[in-house]
Each structure stands twice: as structure tokens, then as C-alpha cells.
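Residue strings, one per chain:
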Amino acid sequence: MHADLSPVVAATAQWLTLSFPASGGALSAALCEVQARQAVTVAARLRYPTAMDAALVGVAGPGGSARLDWVTGADTGTADDCGAAGDRHAWRTWVDEVVASWAACLLGDPRLAARAVAALAADGPGAAPGEFRRLLEPDEADRRAAALLRHPDLLAPVSALHHAGLVDRLAPDHTLTA
């Protein structure tokens, strides 16, 4: 993954885990976060496949979570937000709506997730063995921890936003265009 995408991946994964929290304690929260991060990483690598794409999103910014918050009815004034009073929501500006939507699609549809990881391999250096295991082959603990994060009905408002774009991106005849 391009280092320039790190803020987008971190913020988008955080948005997903705050919007669809883990059930249980600290271990469940960690397992949920890993699954969200893996889905967001795949989605970000598909959305921004080149170093130039990653650099451009770093300059222009990914757009923020406003529409996602509206779609999910999220309350942005939670105590879980980090930072000083003036900037406690600043991390939300690094959330990428398309990446969040694509990640939601991957979390809710295991076959689509497998196609997405395969597409990464087709586009260039693929994933290291086991890099996306929790996304592709969640065990029972993963499923319990991320019950909300992987529930297709709960993810539907987010995944529906850009599902067609992901399917188009994964089409066999997809070509990169400027």
C-alpha cells in the first residue's frame, strides 16, 4: 500500500468501527478493527492503484464522512472522538466515502471480497499470503466480534452508495483511465 493512503485507511477504518462497533470487550474490538482495516486497505488499493493516485488524494483530500454520517444517522458528537475540543472531528475529513462504501461491500459479501483481493494480484504485486485472512476467511471469533460490521442489512445504506463502481472496477475488462 502506498504510504500516502495511510491517513485515509486509518480514518475510514475508524469510521467503520465507530459506526458498526464490536460486540464484547477489548479483544472483540481489536478483531473488529483488523477486519475493517483489511477491507479498507483492499478498497483503498483498488480505488487508488498508483502512487500518483495516492499522492493526488493526499493533496486534494478524500472528502470526509459527512454523507456517510447522514446516511447512517451517525451522531458525530460522541465521546469516542479524539483530540482537543476544536479538532476532535478532524480525523473525519480523512474518511473516503467511496473507500468506506467499497469496504462495506467487501465486508458484507465474501465472494466480492475474494474477487477484490484477486484483482489486487492482477493489477500488480498481490497480497502477501494471509494478509487479508480475517477479511476472506473469518473464524468464529472474528464473526462474533464483527457481527454488526459484517451484517449485510446494516451495511446496505453504505454499500449501496458505490456498489456499482466497485463491480465495474472488478470487471475483467476494467482498464485504468485518467
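Let me begin by describing the structure that accompanies this report. Throughout this document, residue positions are counted from 1 along each chain, in the order its sequence is written. Local features in this predicted model are restricted to residues of pLDDT 70 or higher, and side-chain atom pairs are both shown and tallied only at a pLDDT of 80 or more, whereas totals for entire chains, interfaces and linings draw on every residue. Water and hydrogen atoms were dropped before computing side-chain values, which therefore reflect all heavy atoms in the structure.

## Notes on the nonpolar core
- Nonpolar cores are built from buried Ala, Val, Leu, Ile, Met, Phe, Trp, Tyr and Cys residues. Side-chain atoms within 4.5 Å join them into one set. We call a residue buried when its accessible area falls under 20% of the maximum for its residue type, exposed when it is over 50%, and partly exposed in between, using a 1.4 Å probe and counting protein chains only. Grouped together as the largest cluster of nonpolar side chains are 44 residues, with contacts concentrated most on Leu16, Val42 and Leu46.
- Under the DSSP-based scheme used, a helix requires at least four consecutive residues in state H or I and a strand at least two consecutive residues in state E, with every element numbered from the N terminus. Elements that contribute at least two residues to this core include exactly helix H1 (6-19), helix H2 (26-47), helix H3 (51-60), helix H5 (97-108), helix H6 (110-123) and helix H9 (152-169).

## Some details on the packing of aromatic side chains
- Within 6.5 Å between ring centres, the rings of Phe, Tyr and Trp (the latter by its six-membered ring) count as paired, and their orientation is classed by plane angle as stacked under 30 degrees, edge-to-face over 60, tilted in between. Tallying each qualifying case throughout the model produces one aromatic pair.
- Taking 6.4 Å as the distance between ring centres and 80° as the angle between the ring planes, the aromatic pair formed by Trp15 and Phe20 counts as edge-to-face.
- Assessed through its relative accessible area of 6%, Phe20 is described here as buried.

## Here we look at the environment of Ala113
- Considering the arrangement of structural elements, one finds Ala113 in helix H6.
- In this structure Ala113 comes out as buried when scored by relative accessible area, which is 0%.
- For the pair Ala113 and Phe132, spaced 19 residues apart in sequence, the C-alpha to C-alpha distance is 9.6 Å.
- Between two residues, a contact is recorded if the distance between any of their heavy atoms is within 4.5 Å. Not counting chain neighbours up to four residues away, the residues in contact with Ala113 comprise Leu106, Leu135 and Leu136.

## Remarks on the packing of H2 against H6
- Note on geometry: axes are C-alpha line fits, over the in-contact stretch for helices, and angles between N-to-C directions span 0 to 180 degrees. Direction vectors running N to C along H2 and H6 enclose 45°, while the axes themselves pass 10 Å from each other. One finds that H2 runs oblique with respect to H6. Helix-helix and strand crossings are classified by hand; for H2 and H6 the assignment is left-handed. Where H2 abuts H6, its residues Val42, Arg45 and Leu46 lie against Ala116, Val117, Ala119, Leu120 and Asp123.
- Three classes are used: nonpolar for Ala, Val, Leu, Ile, Met, Phe, Trp, Tyr, Cys and Pro, charged for Asp, Glu, Lys and Arg, and polar for all others, with Gly counted as polar. Each residue belonging to the contact of H2 with H6 can be placed in one class, and the counts come to six nonpolar, no polar and two charged. An angle below 35 degrees is read as roughly parallel, one above 145 as roughly antiparallel, one from 65 to 115 as roughly perpendicular, and any other as oblique. Crossing handedness is defined as follows: a turn of the near helix away from the far one that is anticlockwise and smaller than a right angle gives a left-handed crossing, while the clockwise case is right-handed.

## What to know about the packing of H1 against H2
- Relative to each other, H1 and H2 sit at 130°, their axes nearing to 9 Å. Here H2 runs oblique to H1, going by the angle between their axes. Taken as a pair, H1 and H2 cross one another with a handedness that is right-handed. Listed contacts from H2 to Val9, Ala10, Thr12, Ala13, Leu16 and Thr17 of H1 are Cys32, Glu33, Ala36, Arg37, Val40, Thr41 and Ala44.

## A look at H6
- Multiplying one less than the number of residues by 1.5 Å gives the expected span of a helix. Taking 1.5 Å per residue as the helical rise, H6 with its 14 residues ought to reach 20 Å, and the 20 Å between its terminal C-alpha atoms agrees with that figure.
- Those residues of H6 that sit buried are Leu112, Ala113, Ala116, Val117, Ala119 and Leu120. Seen from one end, H6 has its buried residues packed into an arc of 150°, which puts them on one side. Set apart from the buried face of H6 by more than 90 degrees, the exposed residues are Pro110, Arg111 and Ala122.
- On the buried face of H6, the contacting elements are H2, H5, helix H7 (133-136) and H9.
- Counting of polar contacts relies on pairs of N or O atoms within 3.5 Å, with two restrictions inside protein: one atom must be capable of donating a hydrogen and the other of accepting it, and residues adjacent in sequence are counted only when both atoms are side-chain atoms. Capping the start of H6 is the job of one residue whose side-chain oxygen sits 3.1 Å from the backbone nitrogen of Arg111: Asp109. The arc in question is the one spanned by the directions pointing from the helix axis to the C-beta atoms.

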